[in-house]
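# Commentary on secondary and tertiary structure
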Amino acid sequence: FVSKQFRKGDLIFNPFDDRSIGWNVFNEIEVEPDLETISNAIFCPPGSISANDQYWYKSAADVFSCGLQFLKMNNTTSNQDLWLFFSQPL
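The notes below deal with the structure included here. (Residues numbered from 1 in each chain as written. Predicted model: local features only at pLDDT ≥ 70, side-chain atom pairs only at ≥ 80, totals over all residues. Heavy atoms only, no water.)

### Digging into the nonpolar core
Residues V25, F26, I29, L35, I38, F64, L68, L71 and L82 constitute the largest nonpolar core, which totals nine residues. For this core, the secondary-structure elements that each account for two or more residues are helix 2 (33–43) and helix 3 (54–73). In terms of residue count, the dominant contributor to this core is helix 3 (three residues). Apart from the residues within four sequence positions on either side, L35 is in contact with I29, S65, L68 and Q69. (Core = buried A, V, L, I, M, F, W, Y, C linked by side-chain atoms within 4.5 Å. Buried < 20%, exposed > 50% of the residue type's maximum accessible area, 1.4 Å probe, protein only. Helix = DSSP H or I, 4+ residues; strand = E, 2+ residues; numbered from the N terminus. Contact = heavy atoms within 4.5 Å.)

### Topic: a nonpolar patch on the surface
There is a patch of nonpolar side chains on the surface, built from L11, F13, I21 and W23 and spanning about 410 Å² of accessible area. Within the element layout of this structure, L11 appears in the loop between helix 1 (2–5) and helix 2. (Patch = residues over 30% accessible without salt bridge, like charges linked within 9 Å, V, L, I, M, F, W, Y side chains within 5 Å. Areas by Shrake-Rupley, 256 points an atom, 1.4 Å probe, with all protein chains shown as cover. Salt bridge = Lys/Arg side-chain N within 4 Å of Asp/Glu carboxyl O.)

Dropping the structure here:
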């Protein structure tokens, strides 16, 4: 898409593209409740989860939120830090 549609002044949010603006999820976190808000937005979009499945989606959001909090507390907030943390073997 970028090779055909990119115009000077466009912003690229791809962490693997050298022209990227360097965004990561931690840029959106200003206060601690933002961790939960972001996690719920990713794992629990409104209206997309049946009542029977809410526990599982909420659990995934909680794990992600706690992982973000751990990374932020340890000042390891790059996209690579995020990827390495959540792709660890059990």
